[in-house]
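Structural features, examined
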Amino acid sequence: MKKTIYDFTYEQLNTWLMDKGEKSYRTKQIFQWLYRRRITDFAMMSDIKQSLIETFNEDFVIDPIKLKQRQASKDGTVKYLFELQDGFLVETVLMQFDYGKSVCVSSQVGCNMGCTFCASGLLKKNRDLSAGEMMAQVMYVQKELDVREERVSHIVIMGTGEPFDNYDNVMDFLKTVNHDLGLAIGARHLSVSTCGIVPRIKQFAREKVQYNLAISLHAPNDALRSKLMPINQAYPLSDLMDALKEYSTLNNRRITLEYILLKDVNDQPEHATQLSKLVKGMNAYVNLIPYNVVDEHGFRAVDVASALKFYDKLMKLGVKSTLRKENGGDIDAACGQLRAKAEGKL
């Protein structure tokens, strides 16, 4: 299996080219061909010498994924099922918002975190995705948008997998997305979501980057969170909150606390009260998320009235909150759902 040229950050490609005896200006040329002109064949790089193109063809591919299935929702959400070079499947989602077009990227093939409500966990982790395989997801979507002269404006790493379980590749991917000669998407339009791997949150805090950090919280106390999310047994809420406060101190960035509303599980008034006490004094807000039902897990979504009631309770308790609009409800919108169906697990 060949590596993809997208695996290289700008600095890594520059080092690779210098080791081949090339001048550093080649790096700029190649990045422009890849990310501005968005070529599909190395032969299209008309100002690159033939011997270097032959080396690229021998050692790399441009696009390491191919489309297996595409679902489009009436609300504009598009879900893609991609096949990798080794036959594994991953999902990507394009979401349409008033502020732009956001791509939700998968970071692993499967997931080992075991969150009890999540379709991603129906298939255990096979391997990490490389930085280039994550980039290829975005590039496929961007090339579709090019036809309409539109562009990806935001990226969230919230698809299948735990991004901080694939930390180095995720950070390399973000570097290229953010690079002026890459896709040039502003750092504050890039978000990483973690279920709460405390050592990696602390490492991320020390990177001093402006990317957004989102935490999959989903419960306001240890007993409930441990039932829903096994990661809480390794890193309980006290450790997680301490790490988030350290992150805020070092970066002065607001944190998003993701909270999927599960009917009769974490949506009661006492849960809102507990949540308000947990986040008191933090530079954070709670993003309430409608649940995309996965029948195998047995959880159910709350109705709109109940969601609004929970939201109102939080706001009255002084917790800054948002209630996310449901996206892709008429397709397999939950993370991992489309892949699980394709693999015969749903």
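A brief structural summary. (Residues numbered from 1 in each chain as written. Predicted model: local features only at pLDDT ≥ 70, side-chain atom pairs only at ≥ 80, totals over all residues. Heavy atoms only, no water.)

**Here's the deal with the overall build of the chain**
When its secondary structure is counted, the chain shows 12 helices and 14 strands. Taking the principal axes of the C-alpha coordinates as reference, the chain spans close to 70 × 45 × 35 Å. Taking all 346 residues of the chain together, the buried fraction comes to 54%. A fraction of 66% describes how many contacts in the chain between residues 6 or more apart in sequence connect residues 24 or more apart. Total accessible area on the chain stands at roughly 15200 Å², and carbon and sulfur atoms take up 47% of it. In the chain, 46 positive and 43 negative side-chain charges are present, and the distance between their average locations comes to 4 Å. (Helix = DSSP H or I, 4+ residues; strand = E, 2+ residues; numbered from the N terminus. Buried < 20%, exposed > 50% of the residue type's maximum accessible area, 1.4 Å probe, protein only. Contact = heavy atoms within 4.5 Å. Areas by Shrake-Rupley, 256 points an atom, 1.4 Å probe, with all protein chains shown as cover. Lys, Arg positive; Asp, Glu negative; His and termini not counted. Charge placed at Lys NZ, Arg CZ, Asp CG, Glu CD.)

**Some thoughts on the pattern of salt bridges**
Counted according to the given criterion, the structure contains 14 salt bridges. Notably, a salt bridge pairs E22 with R26, separated by 3.5 Å at the nearest N-O pair. Each member of the pair, E22 as well as R26, is classed as buried. Between E258 and R324 there is a salt bridge, with its nearest N and O atoms 3.3 Å apart. On the criterion of sequence distance, the pair formed by E258 in strand β12 (residues 255–260) and R324 in the loop between β14 (321–323) and α12 (337–342) is long-range, its members being 66 residues apart. (Salt bridge = Lys/Arg side-chain N within 4 Å of Asp/Glu carboxyl O.)

**So, the packing of helix α4 (residues 131–146) against helix α5 (residues 167–178)**
A packed helix pair is summarised by two numbers, namely the angle formed by the two axes and the spacing between the axes. It is the contact of α4 with α5, at a shortest axis distance of 8 Å, that shows an interaxial angle of 45°. Between α4 and α5, the angle falls in the class oblique. As for how α4 packs across α5, the hand of that crossing is right-handed. Facing A131, M134, M135 and V138 of α4, the residues of α5 in contact are N169, V170, D172, F173, T176 and V177. By residue class, the composition of the contact of α4 with α5 is 7 nonpolar, 2 polar and 1 charged. (Axes fitted to C-alpha atoms, helices over the stretch in contact; angles between N-to-C directions. Parallel < 35°, antiparallel > 145°, perpendicular 65-115°, else oblique. Left-handed = near helix turned anticlockwise from the far one by under 90°. Nonpolar A, V, L, I, M, F, W, Y, C, P; charged D, E, K, R; others polar.)

**Let's talk about the sheet that holds β12**
Overall, mixed pairing links the 10 strands, which are arranged β3-β4-β5-β6-β9-β10-β11-β12-β13-β14 in an open sheet. The open sheet has two free edges, formed respectively by β3 (65–72) and β14, since each of these has just one partner strand. Ignoring which end each strand starts from, the neighbouring axes of this sheet average 20° apart. Strand direction decides the pairing type here: strand β10 (residues 190–194) and strand β11 (residues 212–216), joined by 4 bridges, are parallel. Residue pairing across strands places V192 opposite L213, the latter belonging to β11. (Pairing = 2+ DSSP bridges.)

**Let's talk about unusual backbone geometry**
With the exception of glycine, most residues fall at negative phi, and the peptide bonds are largely trans. Positive phi, close to 55°, is recorded for E149, a residue that is not glycine. Residue placement: E149 occurs in the loop between α4 and β9 (154–157). Classification of E149 by relative accessible area gives exposed; the value is 75%. A positive phi is found at A184, a non-glycine position, where the angle reads about 55°.

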